Amino acid sequence: MSSPLVELRDVTRSFPGPPEVQALKGVSISLAEGEYVSIVGPSGSGKSTMLNILGLLDRPSVGEYRLAGSLTGDLDDDQRAAVRARFIGFVFQAFHLMPRRSVLDNVLMPMLYSGVPRAERHERARRALERVGLSHRENFLPGTLSGGERQRVAVARAVVSGPKLLLADEPTGSLDQRTSGEVMSLFEELNADGITLVVITHDRDVAARATRSLRISDGRIEDVA
Ligand code: ADP
Ligand code: MG
């Protein structure tokens, strides 16, 4: 069997206080390539901390994180940024688009320093926008789009570099039910094409769509049957 895409071993993340908070407590999980995983748990239970560690935005205080077979603990910040750019896409609840840049510029952004030639960058960005059904919005500013459209732009930006792992933190938290279903369907198409998908959510219907569900409570994680 090939090694898992993601492997956390006895990961603890403490935030020094006072009072000190242990946001994750000895978490061990493996995710195989191509999995579709939801993570549920009450507010403050450690979900975002977990996603930030998986995304190399944060580091464990104790324990190991292996990504695509390689230990990440010894990487410096530049190396972590490089791995992130190559392997990982993020989608957040609040979209985090650049408000004064066009939709196309937002999707181009992750490739700016990638060494990909300009014409190729534009072609990839246009393909990503086509994929999310927003080709007709490429010259619009984010503020002129609906919430669902903004999140689809964020998805295009997240996948434009062809990541293996897509991490979404409450991606439907600002969307109505119908729009959130559209965004989840889009994620599921990407997963069907092979991307490994991790979705944090408060929404039971969203969580139930995944093929594996994890629950975090008070910094500890378990598979939900
Ligand atoms: P969730 O996403 O499940 O709501 P978080 O992972 O954001 O929870 O937070 C888990 C716990 O860690 C909370 O008690 C939170 O206050 C604490 N925490 C998160 N980030 C920090 C930080 N940067 N500094 C101090 N405490 C933090
Ligand atoms: Mg959170």
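Q: Any chance you could explain the side chain of Asn191 here in plain terms?
A: Structurally, the position occupied by Asn191 is in helix H6 (residues 177–192). Excluding residues within four positions of it along the chain, Asn191 makes contact with Gly34, Glu35, Tyr36 and Leu197.

Q: Which parts of the structure should I look at to understand the packing of helix H5 (residues 147–159) against H6?
A: The axes of two packed helices give the description: the angle between them and the distance between them. Look at H5 against H6: their axes get within 10 Å of each other, and the N-to-C directions meet at 15 degrees. Considered as vectors, H5 and H6 are oriented roughly parallel to each other. Pair H5 / H6 crosses with right-handed handedness. In this structure, H5 uses Gly148, Gln151, Arg152, Val155 and Val159 to contact H6, whose residues at the interface are Thr179, Glu182, Val183, Leu186, Phe187 and Leu190. Residue composition of the contact of H5 with H6, grouped by class: six nonpolar, three polar and two charged.

Q: So what exactly am I meant to see when it comes to the pairing of strand S6 (residues 88–92) here?
A: In terms of burial, S6 is a largely internal element, four of the five residues being buried. The sheet contact formed by S6 and strand S7 (residues 165–169) spans five bridges and is parallel. Bridge pairing in S7 places Gly89 opposite Leu166.

Thresholds applied
Residues numbered from 1 in each chain as written. Chains lettered and ligands numbered in written order. Predicted model: local features only at pLDDT ≥ 70, side-chain atom pairs only at ≥ 80, totals over all residues. Heavy atoms only, no water. Helix = DSSP H or I, 4+ residues; strand = E, 2+ residues; numbered from the N terminus. Contact = heavy atoms within 4.5 Å. Axes fitted to C-alpha atoms, helices over the stretch in contact; angles between N-to-C directions. Parallel < 35°, antiparallel > 145°, perpendicular 65-115°, else oblique. Left-handed = near helix turned anticlockwise from the far one by under 90°. Nonpolar A, V, L, I, M, F, W, Y, C, P; charged D, E, K, R; others polar. Buried < 20%, exposed > 50% of the residue type's maximum accessible area, 1.4 Å probe, protein only. Pairing = 2+ DSSP bridges.

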